[in-house]
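The lines below spell out each chain.
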Amino acid sequence: MTSTFLPDKRTASDRAPSSPARGAGPGRARRRALNWLTALGFQVPALALFGVLVLLPILFALYAAFFRWGGFGMPSDYIGADNFTRLFKDPVFLGDLWRCLVLVVLSLALQLPFALAMAVLLNQKLRGRAFYRMLFFGPYVLSEAITGVLFSMIFAPDDGLADHVLGSVGLDGLGGEWFADPSMVMATLFLVMTWKYFGFHMMLYLAGLQSIPRELTEAALIDGANAWQRFRSVTLPLLAPTLRISVFLSVIGAIQLFDLVWVTTAGGPDHHSETMAVTMFQYGFKRYQVGYASAVSVVMFGISLVFALAYQRFVLRRDLQGATTTMRGDGA
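The written sequence of each chain sets the order in which its residues are numbered from 1. With the structure being a predicted model, the display of local features is reserved for residues of pLDDT at least 70 and the display and counting of side-chain atom pairs for 80 or more, all residues being used for whole-chain, interface and lining totals. Calculated side-chain values reflect all of the structure's heavy atoms, with hydrogen atoms and water omitted.

(A) Inspection of the overall build of the chain at higher detail. Elements are defined by DSSP. Helices are runs of H or I of four residues or more, strands are runs of E of two residues or more, and each kind is numbered from the N terminus. When helices and strands are counted, the chain shows 14 helices and 0 strands. In sequence order, the chain lays out its α and β elements as α-α-α-α-α-α-α-α-α-α-α-α-α-α. Any two residues whose heavy atoms approach within 4.5 Å are treated as being in contact. Partitioning the intrachain contacts of the chain with sequence separation of at least 6 by distance along the chain shows that 67% fall at a separation of at least 24. What sets the accessible areas is the Shrake-Rupley method with a 1.4 Å probe; for residues, cover comes only from the shown protein chains. Accessible area of the chain: about 21,000 Å², with a carbon and sulfur share of 66%.

(B) Local environment of the nonpolar core. One finds Leu103, Phe155 and Leu257 to be the most contacted residues of the largest nonpolar core, which totals 37 residues. With 7 residues, the single largest contributor to this core is helix H8 (residues 185-210). Contact partners of Leu103, with chain neighbours within four places excluded, come to Met186, Phe190, Met193, Ala254 and Leu257. The set of buried Ala, Val, Leu, Ile, Met, Phe, Trp, Tyr and Cys residues whose side-chain atoms join them within 4.5 Å is what this entry labels a nonpolar core. Each residue is placed in one exposure class: buried if its accessible area under a 1.4 Å probe, protein chains only, is under 20% of its type's maximum, exposed if it is over 50%, and partly exposed if it falls in between. Formed by 14 residues, the second largest nonpolar core is a distinct cluster that contains Leu116, Phe198, Tyr205 and Ile212.

(C) Up close: the packing of H8 against helix H10 (residues 227-255). Working convention: axes come from line fits to C-alpha atoms, limited for helices to the stretch in contact. Angles between N-to-C directions cover 0 to 180 degrees. One way to put it is that H8 packs onto H10 with a least axis distance of 9 Å and a crossing angle of 155 degrees. Put simply, H8 runs roughly antiparallel to H10. For the pair H8 and H10, the crossing hand works out as right-handed. In contact with Phe200, His201, Leu204, Tyr205, Gly208 and Leu209 of H8, H10 contributes Thr235, Leu239, Thr242, Leu243, Ser246, Leu249 and Ser250. Each residue gets one of three labels, nonpolar for Ala, Val, Leu, Ile, Met, Phe, Trp, Tyr, Cys and Pro, charged for Asp, Glu, Lys and Arg, and polar for the others, Gly among them. Counted by class, the contact of H8 with H10 contains 7 nonpolar, 6 polar and no charged residues. The scheme is simple: roughly parallel for angles under 35 degrees, roughly antiparallel for over 145, roughly perpendicular for 65 to 115, oblique for anything else. Helix crossings are classified by the rotation of the near helix relative to the far one: an anticlockwise turn of less than a right angle makes the crossing left-handed, while a clockwise turn makes it right-handed.

(D) View of the packing of aromatic side chains. Each aromatic pair joins two rings of Phe, Tyr and Trp (for Trp, the six-membered one) with centres within 6.5 Å, and gets the label stacked for planes under 30 degrees apart, edge-to-face for over 60, and tilted for any other angle. Enumeration according to the criterion identifies 26 aromatic pairs in this entry. Aromatic pair Tyr63 and Phe67: ring centres 4.8 Å apart, planes at 50 degrees, arrangement tilted. With relative accessibility at 8%, the residue Phe67 sits in the buried group. Ring geometry for Phe137 and Tyr140: centres 5.8 Å apart, planes at 40 degrees, overall tilted. Of the two residues, Phe137 and Tyr140 both sit in helix H5 (residues 129-141), 3 residues apart, roughly one turn of that helix.

(E) Inspection of H10 at higher detail. A helix's residues, less one, multiplied by 1.5 Å, set its expected span. Taking 1.5 Å of rise per residue, the 29 residues of H10 would be expected to cover 42 Å, yet its terminal C-alpha atoms sit only 36 Å apart, more than 12% below that figure. Among the residues of H10, those classed as buried are Phe231, Val234, Thr235, Leu239, Ala240, Arg244, Ser246, Ser250, Val251, Ile252, Ala254 and Ile255. Two N or O atoms count as a polar contact when they lie within 3.5 Å, although within protein this holds only if one can serve as hydrogen donor and the other as acceptor, and sequence-adjacent residues are included solely when both atoms are side-chain atoms. A distance of 3.2 Å separates the backbone nitrogen of Trp228 from a side-chain oxygen at the start of H10, and that oxygen is part of Asn226.

(F) Region of the structure containing the side chain of Asp96. Mapping Asp96 onto the fold places it in helix H4 (residues 91-122). Note on Asp96: relative accessible area 1%, which makes it buried. A polar side-chain atom of Asp96 sits 2.8 Å from a polar atom in the side chain of Arg99. Beyond its immediate sequence surroundings of up to four residues, Asp96 is in contact with Glu274, Thr275, Met276 and Thr279.

(G) Highlighting the side chain of Lys196. Mapped onto the fold, Lys196 is located in helix H8. In terms of polar contacts, Lys196 uses its side chain to reach the backbone carbonyl oxygen of Leu142, at 3.0 Å. Excluding anything up to four places from it in sequence, Lys196 contacts Pro139, Tyr140, Leu142, Ser143, Glu144 and Thr147.

(H) Geometry of the pattern of salt bridges. Criterion for a salt bridge: a side-chain nitrogen of Lys or Arg within 4 Å of a carboxyl oxygen of Asp or Glu. Counted by the stated rule, this structure contains 2 salt bridges. Linking Arg68 and Asp77 is a salt bridge whose minimum nitrogen-to-oxygen distance equals 3.0 Å. Among the salt bridges present, the one from Arg99 reaches Asp96, with a minimum N-O distance of 2.8 Å. With Arg99 and Asp96 both in helix H4 and 3 residues apart, the pair spans about one turn of that helix. Owing to a relative accessible area of 12%, Arg99 belongs among the buried residues under this scheme.

(I) Highlighting the environment of Pro237. If you trace the backbone, Pro237 turns up in helix H10. Pro237 sits in the partly exposed class, given a relative accessible area of 44%.

(J) A look at helix H7 (residues 161-168). Residues of H7 that are buried: Ala162, Asp163 and Leu166. Projected down its long axis, H7 carries its buried residues within an arc of 95 degrees, all on one side. Counted as exposed and oriented over 90 degrees from the buried face of H7: Leu161 and Ser168. In this structure, the buried residues of H7 make contact with helix H6 (144-154). At the C-terminal side of H7, Gly170 shows a positive phi close to 80 degrees. Picture the helix axis, draw a direction to every C-beta atom, and the arc is the one those directions span.

(K) Seen up close, unusual backbone geometry. Geometrically, the link from Gly268 to Pro269 is a cis peptide bond, its omega value of -5 degrees lying close to zero. By secondary structure assignment, the location of Pro269 is in the loop between helix H11 (259-264) and helix H12 (276-286). Phi is positive for Tyr288, which is not a glycine, with a value near 55 degrees. Mapped onto the fold, Tyr288 is located in the loop between H12 and helix H13 (290-314).

Have a look at this one:
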């Protein structure tokens, strides 16, 4: 049996290594463009709502702040920066800034440590801890309006529940005109704020505590660390990201506080519990000085924005590293 040699009749181009298809480049570009268009299609409704409900009101408030305007028709009486000049000479607004600072300091010094202590306590194996968690978180579920009405009745002078309770235990001297006394109104208001909001921060801390691996605390216990040392060296550092978010939310909430103050005191007595948001509402909807109220809103927004950007830049920077994602075309 003989074999027949068949010469290779393929041309040089047939024997050359295979090259990528000519349409691979344009195809990849089309897929990438399709991905971007799909992402944009999902984002357009949200961006439209954000623009209409957030950006446009901000820009219009900034525009109206340069006019003497009562809120009817379009602003036409241009006065330049007079509203802002008046603002920083107004003792009521300067008092608003001071009261905002007081609330921020009290929140960071008292409310958040109290919430952290309760979270650490309720993170232990206690009988009925689920009930206590629900009990302490319950006030946060109530609206600010309901909370304000409730405590307006509790702290009503002479007939309120607080005065009756103090009187029944022989502490009549501690009672008084809680919301009506200029020297007591801020302390009383902060007490209501703590009752309303500490449960929210407590739940944040509980979530952070439950994410800490139990093996770390057990290892510290084996090494001989006591409860305080375990908390200081293990729990607190690992809980730091949650603490930073809690501080941010607390400060922003104090700057923008309105509902609770309006329902309980409306800024009284004699502006001693007034906040920037209450001042804005008073001038905008009670006195019809919408241009001046717009200036108040612009300053309040500016303070919040500067704080948020600075806090993100200097405090949250480490937490945000690696948290961003990029969209790439499907090149495979």
